[in-house]
Amino acid sequence: MRTQIFLLAAAATLTYSTIKADNYVLSSENTSLIVAASKGGGEATYRYFGAKLTDAEARTLDYARAALGRSAYPTFGLNSVGEKAFMAEMPDGSLSLDPVVQDVERSTDKNGQLLIITYKDRVYPFQLRQYFKLYNQSDVFSTWTEYQNLGKKDIKLLRYYSANVPLPRGNNYATHFHGNWGAESQMQEHYVTNGETVLSNKQQLRNAFEVNPSMMVSFDGEPQENAGRVFGANLMWSGNFKMILHASNNSLTLLAGINDDGATYVLQPQEIFTTPELAMAYSTEGKGGVSRAFHRWALRHALMHGDKLRDILLNSWEGVYMNVNQPVMDQMMADIASLGGELFVMDDGWFGDKYPRNNDHTSLGDWMVNPRKLPEGIEGLIASSKKHSVKFGIWIEPEMANTQSELYDNHPDWILSEKDRPLRQGRGGTQVVLDLTNPKVQDFVFGVTDQLLSKHPEIAYIKWDNNADIMNYHSPYLPSNRQQELNVRYHQGLRSVLQRLREKYPDIVIQVCASGGGRANYGLLPFFDEFWTSDDTDAIQRLFIQWGDSHFYPAKAQASHVSASPNHQTRREVPLKFRFDVAMTGRLGMELQPKNMTDAEREFASRAITAYKDIRPVVQEGDQYRLVSPYLHGPITSLMYASQDKRHVAFFAFRPNFVYADLLPSVQLAGVDEHLMYKVRDLTPQNAKQPCSFNGKTISGRVLKQVGLRLDQVLNRPLTSVALELVAE
Ligand code: GLA
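Residues numbered from 1 in each chain as written. Predicted model: local features only at pLDDT ≥ 70, side-chain atom pairs only at ≥ 80, totals over all residues. Heavy atoms only, no water.

I'd like to hear about the overall build of the protein, residue by residue, with values.
A count of helical and extended segments in the protein gives 13 helices and 36 strands. In summary, the protein has a C-alpha radius of gyration of 27 Å against a globular reference of 27 Å for 729 residues, a match within 12%. Seen along its three principal axes, the alpha-carbon backbone of the protein occupies a region of about 90 × 65 × 40 Å. With 729 residues in all, the protein has 63% of them scored as buried. (Helix = DSSP H or I, 4+ residues; strand = E, 2+ residues; numbered from the N terminus. Rg over C-alpha atoms; globule rule 2.2 N^0.38 Å. Buried < 20%, exposed > 50% of the residue type's maximum accessible area, 1.4 Å probe, protein only.)

Provide a residue-level description of the sheet that holds strand 4 (residues 70-71), including the pertinent values.
Strand order in the open sheet formed by four strands is 1-2-3-4, with antiparallel pairing between adjacent strands. Either end of the sheet is taken by a strand with one partner, and the two such strands are strand 1 (22-27) and strand 4. Pairing geometry for strand 2 (residues 31-37) and strand 3 (residues 45-51), over six bridges, is antiparallel. If you follow Ala-36 over to strand 3, its bridge partner there is Thr-45. (Pairing = 2+ DSSP bridges.)

Tell me about the pairing of strand 7 (residues 112-121), and name the residues and values.
For strand 7, a buried count of eight out of 10 residues is recorded, marking the element as mostly surrounded by other parts of the structure. In this sheet, strand 7 lies alongside strand 6 (residues 99-109) in antiparallel orientation, the contact comprising 10 bridges. When the sheet's bridge partners are listed, Val-104 is paired in strand 7 with Ile-117. Remark: four residues form the turn of the hairpin made by strand 7 and strand 8 (residues 126-135), two consecutive strands paired antiparallel.

Tell me about the packing of helix 10 (residues 539-549) against helix 11 (residues 576-583), and please be specific about residues and values.
What describes two packed helices is the angle between their axes and the distance between those same axes. Contact geometry of helix 10 with helix 11 gives a least axis separation of 9 Å together with a crossing angle of 15°. Looking at the two axes, helix 10 sits roughly parallel to helix 11. Seen from above, helix 10 lies across helix 11 with left-handed handedness. Residue-level contacts link Ala-539, Ile-540, Arg-542, Leu-543 and Gln-546 of helix 10 to Phe-578, Arg-579 and Val-582 of helix 11. Residue composition of the contact of helix 10 with helix 11, grouped by class: five nonpolar, one polar and two charged. (Axes fitted to C-alpha atoms, helices over the stretch in contact; angles between N-to-C directions. Parallel < 35°, antiparallel > 145°, perpendicular 65-115°, else oblique. Left-handed = near helix turned anticlockwise from the far one by under 90°. Contact = heavy atoms within 4.5 Å. Nonpolar A, V, L, I, M, F, W, Y, C, P; charged D, E, K, R; others polar.)

A description of the side chain of Ser-32 should follow, citing residues and the corresponding values.
By the element assignment, Ser-32 lies in strand 2. On the basis of relative accessibility, which here comes to 0%, the residue Ser-32 falls in the buried class. Excluding residues that lie within four positions of it along the chain, Ser-32 makes contacts with Val-25, Leu-26, Ser-27, Tyr-48, Phe-49, Gly-50, Ala-51, Lys-52 and Leu-53.

Any chance you could break down the domain arrangement of the protein for me, citing the residues and the numbers?
Along its sequence, the protein is carved into domain 1 (22-302) and domain 2 (625-728). Each of domain 1 and domain 2 was reduced to a C-alpha centroid, and the two centroids are 39 Å apart. With 10 residues of domain 1 in contact, the opposing surface of domain 2 contributes six residues. Both sides together, the interface formed by domain 1 and domain 2 hides about 690 Å², and carbon and sulfur atoms give 39% of it. Area buried by domain 1 at its contact with domain 2 is led by Met-187, Glu-225 and Arg-292, which between them contribute 53% of it. Two residues, Arg-626 and Glu-225, come together in a salt bridge whose shortest N-O distance is 3.0 Å. Taken together, domain 1 and domain 2 are joined by four residue pairs in polar contact (both at pLDDT 80 or more). Tallying contributions element by element places helix 3 (residues 286-302) first for the side of domain 1 that touches domain 2, with five residues. Residues that form the side of domain 1 that touches domain 2 fall into these classes: one nonpolar, five polar and four charged. (Domains from an automatic or database assignment. Buried area = accessible area lost by both parts, 1.4 Å probe. Salt bridge = Lys/Arg side-chain N within 4 Å of Asp/Glu carboxyl O. Polar contact = N/O pair within 3.5 Å; in protein donor to acceptor, adjacent residues only side chain to side chain.)

A description of helix 8 (residues 439-455) should follow, citing residues and the corresponding values.
For helix 8, which comprises 17 residues, the first-to-last C-alpha distance of 23 Å matches the rise-based estimate of 24 Å (1.5 Å per residue) to within 8%. Roughly 30° is the biggest bend found in helix 8, and it falls at Gly-447. Taken together, the buried residues of helix 8 touch helix 6 (377-388), strand 23 (391-396), helix 7 (406-410), strand 26 (459-464) and helix 9 (486-504). For helix 8, the side-chain oxygen to backbone nitrogen distance between the N-cap and Lys-440 is 2.9 Å, and the N-cap itself is Asn-438. (Expected span 1.5 Å × (residues − 1). Bend = angle between axes of the 7 residues up to and from the residue.)

Please provide a residue-by-residue account of empty space enclosed by the protein, values included.
Taken as a whole and judged by the stated rule, the model has six cavities of 30 Å³ or more. Counted as a void, the largest cavity has a volume near 140 Å³. Taken together, 16 residues form the lining of the largest cavity, with Leu-543, Gln-546, Trp-547, Thr-585 and Leu-639 sitting closest to its centre. Among the elements of the structure, helix 10 and strand 32 (637-642) are those that each provide at least two residues to the lining of the largest cavity. Looking at the lining of the largest cavity residue by residue, the classes come out as seven nonpolar, eight polar and one charged. (1 Å grid on protein atoms, 1.4 Å probe; cavity = no way out; pocket = protein on both sides within 12 Å on 5 of 7 lines; lining within 4 Å. Points joined across faces, edges and corners; volume = space filled by probe spheres on them.)

For helix 6, give the residues involved together with the corresponding values.
Over its 12 residues, helix 6 extends 17 Å from the first C-alpha to the last, a length consistent with the 16 Å expected when each residue adds 1.5 Å. Within the sequence span of helix 6, burial applies to Gly-377, Ile-378, Gly-380, Leu-381, Ile-382, Ser-384, Ser-385 and His-388. Where helix 6 is buried, its residues touch helix 5 (326-339), strand 22 (343-346), strand 23, helix 8 and strand 26.

Describe the pattern of salt bridges, and please don't skip the residues or the numbers.
Counting across every chain of the model gives 41 salt bridges. With its nearest N and O atoms 2.8 Å apart, the salt bridge here joins Arg-519 to Glu-399. Note that Arg-519 is positioned in the loop between strand 27 (509-512) and strand 28 (530-532) and Glu-399 in the loop between strand 23 and strand 24 (400-402), a separation of 120 residues in sequence. Both residues of the pair, Arg-519 and Glu-399, belong to the buried class. In this structure, Arg-482 engages Glu-485 in a salt bridge whose closest nitrogen and oxygen atoms are separated by 2.9 Å. For Arg-482, a relative accessible area of 8% puts it in the buried group.

Written out as structure tokens, the structure reads:
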């Protein structure tokens with residue numbers, strides 16, 4: 001056996017040195033990805049990811065510095081230079097892997113072209129497959145890996161990143177998004193020095209709060225919105241992750257994958273483990289170009305029902321909090337219908353019988369109607385929704401329990417808990433997390449939604465919330481030597497529940513919420529229609545949060561609600577028009593008690609909702625151009641959306657800061673067509689009879705793009721805003 005292995009290894013070394021690698025090119029309309037590999041020996045190298053090249057052009061890449069030629073998947077143990085994407089412990093304790101290319105195939109799957117490189121270790125029975133994918137009709141590529149244990153003993157995966165992407169080193173800047181409750185997705189931008197920029201998340205269940213699993217890297221100095229070369233990557237995973245931007249004098253590499261801290265995965269004989277995809281785009285049109293590529297891709301491939309327009313809704317949370325009951329729900333449905341809305345969502349507070357949900361101390365897990373609040377049951381609510389001709393939606397938090405619940409009384413072993421330590425409890429002092437690694441618990445979580453939807457097929461929308469992370473890192477279900485797999489297995493369990501749900505209920509609209517935007521990620525969005533952007537509904541705060549989210553996530557996915565003033569989170573007072581104009585840049589909704597609005601406010605709201613319907617396809621399905629960043633902390637911020645043919649445009653500008661001396665530079669509308677003339681309409685005049693001065697005017701596209709709109713007369717007071725529709729004549 002020993003000699004055999006030795007001979008094999010010698011043969012492989014021989015082939016390695018004599019084989020010439022071939023270029024494998026995947027090209028979209030604007031971008032090419034090139035990997036070099038040779039069937040039957042050697043290592044695969046990452047050659048290029050950048051502006052589109054023909055095959056003939058690609059053959060001359062050797063003369064370009066962009067021909068990176070570095071390992072496509074560096075593994076630990078035999079080569080000491082640089083970060084490694086992979087490390088495993090073989091049954092005999094060896095920590096090295098020496099993968100040799102066996103085969104390179106081209107293939108297709110349901111929505112893309114694939115390039116698959118199969119490697120085997122020279123010595124150990126371990127197979128590695130590296131995938132590169134180009135999504136159909138998009139400029140987004142992805143890459144991931146798959147491991148198979150071909151031996152008879154367990155192999156421990158210690159680090160198993162999805163990707164290792166060499167990038168051109170130069171005047172690089174990195175852009176990433178950080179936050180916390182109430183302030184998600186705050187943009188950070190910095191020069192890339194030698195060393196490592198690490199985005200690492202260990203929040204267990206909500207990986208987008210502290211830091212979003214995404215990054216942009218620019219190659220031409222400080223990133224611009226519509227010019228310069230920029231690369232963007234987003235890890236399609238909902239659990240703990242790591243992204244490492246590793247920079248040295250002459251190299252730059254992005255590594256990304258499941259967080260490897262305390263996350264050893266035991267790969268059993270014959271078992272296959274697949275890592276999450278890293279989605280990637282490259283643009284010569286700056287950060288905006290990368291964002292537009294991601295938005296288009298999301299609508300086509302990575303967001304549930306990406307091709308459908310979203311309803312305008314009223315959510316009950318900030319309006320009545322847990323004081324839900326039949327007459328109030330009926331009144332709210334009547335009100336949103338009268339304002340032109342299309343959907344009503346009953347939030348938290350409707351459930352629990354033995355333990356009624358009147359505050360956040362009890363009832364999670366007991367998904368039956370509280371008969372004292374809703375004596376007519378869900379049937380009564382559906383009857384109201386039919387009466388008022390609005391759709392009906394409902395809030396659940398199915399991955400959780402309270403220790404005061406019938407669920408916990410009956411199944412204390414279903415929650416994540418440590419055997420010999422006191423149970424740590426979250427929100428309300430009693431919230432605990434269900435053990436989704438356990439198939440029985442997965443059945444229960446699936447059943448929560450299944451029972452609601454099978455009994456009440458009229459339910460059109462679900463808000464799927466998650467208000468806790470793992471506080472007791474132990475699964476009563478997993479064996480003691482596999483506790484390190486808890487995070488990975490939790491998210492695999494969640495994914496399998498969502499897959500079952502989507503197979504049975506393909507049409508239901510589902511929002512993913514996690515105390516706000518804790519789950520804004522492409523690990524989950526393929527199953528969900530949108531995410532709750534933030535519990536912070538203050539319009540000024542939202543300018544920053546939505547700006548951050550827009551770098552990777554389309555407007556259609558960002559639930560953006562008009563709430564009361566003063567705002568419940570910040571106590572700030574903001575005019576209704578400003579609040580509407582901000583919410584209209586995303587998926588518009590309302591989150592207040594309409595009964596408390598004045599007649600004038602209702603009149604305005606109903607006009608704004610009608611206006612939003614006119615621009616809904618442009619905002620939700622058009623191309624977004626960020627024009628003036630709120631992160632400049634200047635007097636104004638502005639953005640626009642344009643239909644693909646640029647004939648229909650929605651333009652927004654806001655003045656969050658006001659000092660008389662401030663100069664208001666003209667705003668250039670980067671996304672209009674210079675050859676068209678545009679007729680302008682004020683979408684949301686404060687007074688219907690007094691639209692702003694642009695209303696009814698026709699303006700040349702070239703003037704709008706090259707010279708810009710002057711806004712000093714429109715945004716002439718603190719907290720003023722403007723929303724314009726531009727239609728090509
Ligand atoms: C979380 C959500 C809110 C609301 C409450 C209900 O905080 O983010 O929108 O649904 O839970 O308890």
